[in-house]
Amino acid sequence: MKKYINTGNKDTRSGFGAGLHEAGKADPRIMALSADLASSVKMDAFFKEFPDRFIQCGIAEANMIGVAAGLAISGKIPFAGSFAEFVTGRVYDQIRQEVAYGQVNVKIAASHSGLTLGEDGATHQTMEDIALMRALPGMVVINPCDYNQTKAATLAAAKYVGPVYLRFGRPAMPNFTPVDQEFIIGKAVMMTEGTDVTIFATGHLVWEALQAAGQLEAEGIFAEVIDIATIKPLDAGAVVASVRKTGAAVCAEEHNAVGGLGEAIAYALSGGCPVPLEFVNGGDRFGQSGTPAELLKAYGLDAEHIAAAARRAIARKRI
Amino acid sequence: MASIDELKRISSQVRRDIIRMVSGAKSGHPGGSMSSADFLVALYFNVMDHDPASWTRDSRGQDAFILSAGHLSPLYYSVLARCGYFPVSELGTFRKIGTRLQGHPSVDRNLPGVVQTSGSLGQGLSAAVGVAIGKKMDNDPHLVYVLVGDGECEEGQIWEAAMFAAHHRVDNLIAVTDWNRQQIDGNVDDVAGVGDLRPKWEAFGWIVLECDGHDFSSILKACSDAKAACGQGRPVMILMKTVMGEGVDFMAGTNEWHGKAPNPEQCAVALSQLEETLGDY
């Protein structure tokens, strides 16, 4: 299988920060809005170079989303950033009314998503955000897998006209996709080809899926790993084509079972090519405090659990 | 720019439109539409610098208006149509399947004149602040107007926006509160008392003006004073004292007609109290 090298752990939020800075240099319409978390969301470089295009909104996320919508009406391209929970669950109606139904070119920049936020615990660890944002008509939902891809996805989101939910995380995690690989919204990324089972993974779990594929290869099982960086619109063609070849699949995400990648894949496959499908996700639970690695293990989201799910999926296809 | 006599005539027709639209749709919100009618007529026919023919959603090169209290849609649509943003005949489609005149204003059907979706209360002020900042960044000297309800000020986001606009010195923004003291469940002071709005807005850093929302000379003076107060580093609020349902005796001064349509008999009585000045749609 194709090997990926971790070029050094980096946080995906810094990938966002680098992408935002670069997008800001290329397009004077790009703006950044923060709700008192500019440094945490890595807007520092943008702020330093373009202070006139940065707006500090204070701890008032609802107003931030409305101001972003107004700026977009005026032709700006605002990135409104905070922790994922506070720019989804807290402001769902504002995003629904002002951004999605309002059809404005606002980008929701959601850092510290999922369990790997870590020690802050469940109040801050949203595992429902993908479900909320997927439910909104017309909303693009992107969950890139590493620093390099997050930077590229940020640049793609800046160029795309329309509302985008861009989800990334806090901890330093493996960085393994090619530098400056163009990000195409709505296109699944083939990571490694296989014949026995497809692992659809998103976000931080793409690296875990690749490790799982390595473990399976040692057992003579060839897993195909596909990075679903754009969860909506889903690349249903690529999803169906892969399982037609492999006949079984696993969906892995740092998100709860309801409304996430797994349900999106299941929906696509139920009409396109029903096969045994196993799910690696947070179930129907809240998170808790801990280190990212401890939490991925405790909630069954690490490479070992993905490999086990792949074996289960393969076993079912032999029934 | 319409004279006060002309404004009165337009206002009478707009109130007829509101009653006929809500009655025709058998639903909608006549109470607040009637209380804000004189103000919105004055704004569009006298105060605002706008041009329906060249209008675009970004309102570039024009003043912009956002209706935060989106349930006043019958009033909004009537005024836009009477100004020439779209045919007056379209008012008859209000709230009917396939219409551009949705129950609450939307932008997804490209109805000319509508800057932003509204209806979920408390949000339009934030959007107006964003448009105002956009105008400043683009060196567009035009102003942004926004209309909120007094009951709407129970929403926390109004006060987030109030703090934000003052902190960021958004001084090209004129907000207007329809202070009719009524909301769906009753008198505002009984439901969730917003209290005295003047010291509240002043404490939030705004320049506060007041007017009688059913006296055109008072409305025009407040708008003129508000324009003069722009550019001084602070946002401006006009607290407009009004009567819910103003213009029809059995609707006036009660929350009963906040969101209820008159039946055909009630509609006929209401229309008998409102002169048809410009021709019904």
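Refer to the structure printed above.
Residues numbered from 1 in each chain as written. Chains lettered and ligands numbered in written order. Predicted model: local features only at pLDDT ≥ 70, side-chain atom pairs only at ≥ 80, totals over all residues.

Caption draft 1: How the structure looks around the overall build of chain A. A count of helical and extended segments in chain A gives 11 helices and 14 strands. Relative to a compact globule of 319 residues, whose C-alpha radius of gyration would be 20 Å, chain A shows 19 Å and is just as compact. By principal-axis analysis of the C-alpha atoms, chain A measures approximately 60 × 40 × 35 Å. Out of the 319 residues belonging to chain A, those deemed buried represent 61%. Counting contacts in chain A only where the partners sit at least 6 residues apart, residues at least 24 apart contribute 81% of the total. (Helix = DSSP H or I, 4+ residues; strand = E, 2+ residues; numbered from the N terminus. Rg over C-alpha atoms; globule rule 2.2 N^0.38 Å. Buried ≥ 20, exposed ≤ 12 C-beta atoms within 10 Å, placed from the backbone. Contact = placed C-beta atoms within 7 Å.)

Caption draft 2: The arrangement of the pairing of strand β14 (residues 277-280) of chain A in detail. All names here are of chain A. As paired strands, strand β13 (residues 249-252) and β14 are joined by four bridges and run parallel to one another. Looking at the pairing, Ala 252 lines up with Val 280 of β14. This β-α-β element, β13 to helix α9 (residues 261-272) to β14, shows right-handed connectivity. (Pairing = 2+ DSSP bridges. Right-handed = clockwise from strand over helix to strand, strands pointing away.)

Caption draft 3: Quick look at the sheet that holds strand β10 (residues 197-201) of chain A. Residues and elements named next belong to chain A. Strand order in the open sheet formed by five strands is β9-β11-β10-β13-β14, and the pairing between neighbours is mixed. Edge positions in the sheet fall to β9 (189-192) and β14, since each of these pairs with one other strand and no more. The mean inter-strand angle of the sheet, taken between neighbouring strand axes irrespective of direction, is 25°. With four bridges joining them, β10 and β13 adopt parallel strand pairing. (Axes fitted to C-alpha atoms, helices over the stretch in contact; angles between N-to-C directions.)

Caption draft 4: Spatial organisation of the packing of helix α3 (residues 37-47) of chain B against helix α9 (residues 216-229) of chain B. Residue and element names in this part refer to chain B. Where α3 contacts α9, the two axes come as close as 10 Å, and the packing angle between them is 60°. As the angle between them shows, α3 and α9 are arranged oblique. Considering how the two elements wind past one another, α3 and α9 form a crossing that is right-handed. Seen from α3, the contacting residues are Asp 38, Phe 39, Ala 42, Asn 46 and Val 47; seen from α9, they are Phe 216, Ile 219, Leu 220 and Cys 223. Among the residues making up the contact of α3 with α9, the classes are represented as seven nonpolar, one polar and one charged. (Parallel < 35°, antiparallel > 145°, perpendicular 65-115°, else oblique. Left-handed = near helix turned anticlockwise from the far one by under 90°. Nonpolar A, V, L, I, M, F, W, Y, C, P; charged D, E, K, R; others polar.)

Caption draft 5: Main features of helix α8 (residues 236-246) of chain A. All names here are of chain A. Within the span of α8, buried status applies to Val 239, Ser 242, Val 243 and Thr 246. When α8 is viewed along its axis, its buried side chains cluster within an angular range of 95° and face the same direction. Residues of α8 that are exposed and point more than 90 degrees away from the buried face comprise Gly 237 and Arg 244. Contacts from the buried residues of α8 go to β10, β11 (223-227), β13 and α9. (Arc of directions from axis to C-beta.)

Caption draft 6: Seen up close, the interface of chain A and chain B. Tallying the contact residues gives 22 residues for chain A and 24 residues for chain B. Elements represented by at least two residues in the side of chain A that touches chain B include exactly α3 (61-73) and α4 (92-100) of chain A. A per-element tally of the side of chain A that touches chain B places α3 of chain A first, with nine residues. For the side of chain A that touches chain B, a count of residues per class yields nine nonpolar, 10 polar and three charged.

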